[in-house]
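Residue strings, one per chain:
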Amino acid sequence: MKALCWHGKEDIRCDSVPDPRIEEPRDAIIRMTSCAICGSDLHLYDGFMPGMKSGDIMGHEFMGEVVEVGSGNKKLKVGDRVVVPFTIVCGDCDQCRRSNFSVCERTNRNKDLADKAFGHTTAGLFGYTHLTGGYPGGQAEYVRVPYADVGPVKVPSTLTDEQVLFLGDIFPTGWQAAIQCDIEPTDTVAIWGAGPVGQMAVRSAVLLGARQVIMIDNVPERLSMAAAGGAITINFDEESVVERLNDLTGGKGPEKCIDAVGMEAHASGSVDSLYDRAKQALMLETDRPHVLREMIYVCRPAGVLSIPGVYGGLIDKIPFGALMNKGLTIRTGQTHVNKWTDDLLRRIEEGEIDPSFVITHTARLEDGPEFYKTFRDKKDGCIKVVLKP
Amino acid sequence: MTRMKTMLGYAGAKRLARGLGWFSIALGALELLAPRRVGDALGMQHESGAIQAYGAREIASGIGILAARDPTPWIWARVIGDALDLATLAPNADPRNPQRPYVLMAIGAVAGVALLDYLCADGLARKEDDHRSRRDYADRSGFPQSPNAMRGAAREPEMVSTARH
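Residues numbered from 1 in each chain as written. Chains lettered and ligands numbered in written order. Predicted model: local features only at pLDDT ≥ 70, side-chain atom pairs only at ≥ 80, totals over all residues. Heavy atoms only, no water.

Peer 1: Would you take a moment to explain the interface of chain B and chain A for this structure?
Peer 2: Bring the parts together and some accessible area is lost; that lost area is often taken as the interface size. The interface is formed by 32 residues belonging to chain B together with 53 residues belonging to chain A. In this assembly, chain B packs against chain A so that about 3500 Å² is buried in total across both faces, 53% of it on carbon and sulfur atoms. It is R69(B), Y137(B) and R140(B) in chain B that bury the most area against chain A; as a group they hold 20% of the surface buried on that side. The tally of links between chain B and chain A comes to three salt bridges. For D380(A), the salt bridge is made with R135(B), and the minimal N-O distance between the two is 3.1 Å. Where chain B meets chain A, there are 18 residue pairs in polar contact (both at pLDDT 80 or more). Sorting the residues of the side of chain B that touches chain A by element identifies α2 (10–33), α4 (48–67), α7 (127–133), α8 (147–150) and α9 (157–163) of chain B as the ones contributing at least two each. Its residues assigned to classes, the side of chain B that touches chain A shows 15 nonpolar, six polar and 11 charged. (Contact = heavy atoms within 4.5 Å. Buried area = accessible area lost by both parts, 1.4 Å probe. Salt bridge = Lys/Arg side-chain N within 4 Å of Asp/Glu carboxyl O. Polar contact = N/O pair within 3.5 Å; in protein donor to acceptor, adjacent residues only side chain to side chain. Helix = DSSP H or I, 4+ residues; strand = E, 2+ residues; numbered from the N terminus. Nonpolar A, V, L, I, M, F, W, Y, C, P; charged D, E, K, R; others polar.)

Peer 1: Quick question: what am I supposed to make of the side chain of D56(A) here?
Peer 2: Residues and elements named next belong to chain A. With respect to the element layout, D56 can be found in strand β4 (residues 56–57). It turns out D56 is buried and unbridged, and the closest side chain with the opposite charge, K53, is 6.9 Å from it. Within polar-contact distance, the side chain of D56 engages the side chain of H130 at 2.9 Å. Look past the residues within four positions of D56 in its chain and what remains in contact with it is L4, C5, W6, G51 and H130. (Buried < 20%, exposed > 50% of the residue type's maximum accessible area, 1.4 Å probe, protein only. Lys, Arg positive; Asp, Glu negative; His and termini not counted.)

Peer 1: So what exactly am I meant to see when it comes to the sheet that holds strand β12 (residues 212–217) of chain A here?
Peer 2: Neighbouring strands of a sheet are bound in pairs by backbone hydrogen bonds; such pairs are parallel or else antiparallel. Residues and elements named next belong to chain A. Spatially, β13-β12-β11-β14-β15-β16 is the arrangement adopted by the six strands of the open sheet, whose pairing is parallel. Unpaired on one side and paired on the other, β13 (232–235) and β16 (329–332) mark the two borders of the sheet. Pairs of neighbouring strands in the sheet enclose a mean axial angle of 20°, with direction left out of account. Pairing of strand β14 (residues 256–259) with strand β15 (residues 304–307), which is carried by three bridges, proceeds in the parallel orientation. Across the sheet, K256 pairs through a bridge with V304, a residue of β15. Sitting on the sheet, helix α6 (residues 196–207) is in contact with β11 (188–192), β12 and β14, with an inclination near 170° to β12. Against the sheet, helix α8 (residues 241–248) engages β11, β12 and β13, with an angle of about 160° to β13. (Pairing = 2+ DSSP bridges. Axes fitted to C-alpha atoms, helices over the stretch in contact; angles between N-to-C directions.)

Peer 1: What should I look at first to understand the packing of aromatic side chains in this one?
Peer 2: The geometry of an aromatic ring pair is captured by two quantities: the separation of the ring centres and the angle between the planes. Per the counting criterion, the structure on display carries three aromatic pairs over all chains. A ring pair is formed by Y45(A) and Y372(A), whose centres lie 5.4 Å apart and whose planes are at 35°; its orientation type is tilted. Within this pair, whereas Y45(A) is found in helix α1 (residues 41–45), its partner Y372(A) is found in helix α13 (residues 368–376), the two being separated by 327 residues in sequence. Side by side, Y45(A) and Y372(A) carry an identical accessibility label, which is buried. Sitting over the ring of Y135(A), R109(A) keeps its end group 4.2 Å from the ring centre. Seen from the ring of Y54(B), R57(B) lies directly overhead, with NZ or CZ sitting 5.1 Å from the centre. (Phe/Tyr/Trp six-rings, centres within 6.5 Å; stacked < 30°, edge-to-face > 60°. Lys NZ or Arg CZ within 6 Å of the ring centre and 35° of its normal.)

Peer 1: Is there a simple way to think about the domain arrangement of chain A in this case?
Peer 2: All names here are of chain A. When the domains of chain A are assigned, the result is domain 1 (2–169 + 335–388) and domain 2 (171–332). Computed from C-alpha coordinates alone, the two centres of domain 1 and domain 2 are separated by 26 Å. A combined buried area of about 2500 Å² lies between domain 1 and domain 2, and 71% of that area is made up of carbon and sulfur atoms. Broken down residue by residue, the surface that domain 1 buries against domain 2 is led by F48, F357 and I383, which jointly contribute 24%. Seen at the junction of domain 1 and domain 2, the total is zero salt bridges. At the junction of domain 1 and domain 2, the tally comes to seven residue pairs in polar contact (both at pLDDT 80 or more). Elements that contribute at least two residues to the side of domain 1 that touches domain 2 include exactly α1 and α12 (337–349). (Domains from an automatic or database assignment.)

Peer 1: So what exactly am I meant to see when it comes to the packing of helix α5 (residues 72–89) of chain B against helix α6 (residues 100–124) of chain B here?
Peer 2: The packing of two helices is summarised by the inter-axis angle and the distance between the axes. Residue and element names in this part refer to chain B. Closest axis-to-axis distance for the α5/α6 pair is 9 Å, and the angle between their directions is 160°. It follows from the interaxial angle that α5 and α6 lie roughly antiparallel. Between α5 and α6 the crossing geometry is left-handed. Each of T72, I75, W76, R78, V79, D82, D85, L86 and L89 in α5 lies in contact with α6, whose residues at this interface are V103, A106, I107, V110, A111, V113, A114, D117, Y118, C120, A121 and L124. Its residues placed into classes, the contact of α5 with α6 shows 16 nonpolar, one polar and four charged. (Parallel < 35°, antiparallel > 145°, perpendicular 65-115°, else oblique. Left-handed = near helix turned anticlockwise from the far one by under 90°.)

Peer 1: I would appreciate a short explanation of the pattern of salt bridges in the present structure.
Peer 2: In a structure, side chains of opposite charge can pair up when their charged atoms sit close to one another. Residues and elements named next belong to chain A. Across all of its chains, the model carries 42 salt bridges over all chains by this definition. A salt bridge links R331 to D182, with the shortest nitrogen-to-oxygen separation between them at 3.5 Å. One end of the pair, R331, is in strand β16; the other, D182, is in the loop between α5 (170–179) and β11, with 149 residues separating them in the sequence. According to the relative accessible area criterion, R331 is partly exposed, its value standing at 24%. Across the salt bridge formed by R346 and D343, the nearest N and O atoms sit 2.9 Å from each other. Of this pair, R346 and D343 both sit in helix α12, three residues apart, which is roughly one turn of that helix.

Printed below as a string of structure tokens:
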């Protein structure tokens, strides 16, 4: 089969690889009908995440048709149409029973590695380094889904791929980011990063009733999409984020802040961003936390910082004194996708939201390597790429 | 320069500015930390102080370019700095200077970078053109009604309680 494989920094190739096969009774094999390039795939593309090996199959946002099921899988049958969450979950462990699916204790088959890196293991993830299990991803014609009697979400034929595909990652990720904010009707929610997760977070914050939603970015077309969803926009190339947020909140700052950027923050007009780049180049820091610093600084005391943006390692010069003295709450984590999918699927079916609004480019799987670059460089107005195997 | 004006758009100029910023810091660090080596190479052995001052200027320009919201003034500052560099190098291209070939190479290099600086500053001036050519997604709300009409649509009691678990 064809699959997009990682071969090093900025080196993704469409390779011919062996077809996957059933390995465990709970497995299923899915024939892909649609898959997407996620913003967090770019951290792998840019070489910032450790634990990748040449030939690893990329992709953790995908859906398709079940073509084979293991003998122990009673949930799925051949022909089912499913969206597959990017987190692989067992459904039985202590964390899964608490709906903390992204920290499932059983599915990371490189648990020892994760224990060493993070102190305790987190869930296995598709196509996202050997730290999270080294599972082949879904930017391929077929994928093996472990524990397929738990994770995959059956979707009705009345909805298009484009409407439901993002249930596997960015929609619940943006939703969880907003839920973590405990939004009150009087709240201002400020969101950094108008990429796909940021766009979903805007819509989620609006649906959850935030009085005011503010998007911070510097890409005009991304800001225009955020504005379409109900956000007030701040272009950090053109104005001071701190001053504008204070203007919009009567000098008090936003009650809730969402970091939808993560480890590769870059900002013009900030000395700390320059410091991070220099320190990262010298391998003295792995992630660039400009957004975290800015959120801590601008957030209203007793506010909440929600962090769906991916961080991979070590960060420096975090103003922890401000964080502590302002009494801020940090809520973060990979998304507990299955905790939200039933509710979000219902909202899509009822027409409350159509996540396909975020798709700007659709291409063949073979053209994936080129579109990684287009997406990374934000060329041609690219916000979200869907690939068709 | 009319043809050159078409060579670099705003986005390209922004990328080039970042490259020039780092180049400026690297060159400045060399001049600041090893002025004698630079001076020896150019036959300017007695001008270590001036070379270090130029290095400090380069580093300041580089930091300004990389840290400023709008790097344009700092790029123009580099153009002026290039002129100063050329004015300093030119007298040392004297045939009596045994290092003359290196001075000529340096003049060529500074002239090349000066051209890049100019193109960069010119490209940065085209921000409005860049904005006009970008896609507009103002019709992509994802909602069936206006965002204001959808505000709070998901604010159901069970959702609020889920958030607090």
